Amino acid sequence: MIDDNAINFAGFCGEGILYSAPHNRKVTGYRRAENWQDIATLLL
């Protein structure tokens, strides 16, 4: 799952990818994507 709010990963059984945003810059513990190119690189 790709989301900018880590709370949405609660209960999710797969891997969460945190899409970087100002409100989540201090959140740790997840793979992080800064833009859609980063996501393409992670998934392809």
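See above for the structure.
The sections below set out a description of the structure shown in this document. (Residues numbered from 1 in each chain as written. Predicted model: local features only at pLDDT ≥ 70, side-chain atom pairs only at ≥ 80, totals over all residues. Heavy atoms only, no water.)

Looking at where Asn 24 falls in the secondary structure, it is placed in the loop between strand S2 (17–19) and strand S3 (31–33). By relative accessible area, which is 2% here, Asn 24 ends up buried. Not counting the four nearest positions on each side in its chain, Asn 24 is found in contact with Asp 4, Leu 18, Tyr 19 and Arg 32. (Helix = DSSP H or I, 4+ residues; strand = E, 2+ residues; numbered from the N terminus. Buried < 20%, exposed > 50% of the residue type's maximum accessible area, 1.4 Å probe, protein only. Contact = heavy atoms within 4.5 Å.)

Turning our eyes to something else, we now look at the pattern of salt bridges. Applying the stated criterion to the full structure yields one salt bridge. Ionic pairing is found between Arg 31 and Glu 15, a salt bridge with its closest N-O pair at 3.3 Å. In this pair, Arg 31 is assigned in strand S3 and Glu 15 in the loop between strand S1 (2–3) and S2, connecting sequence segments 16 residues apart. Residue Arg 31 is classed as partly exposed on the basis of its relative accessible area of 40%. (Salt bridge = Lys/Arg side-chain N within 4 Å of Asp/Glu carboxyl O.)

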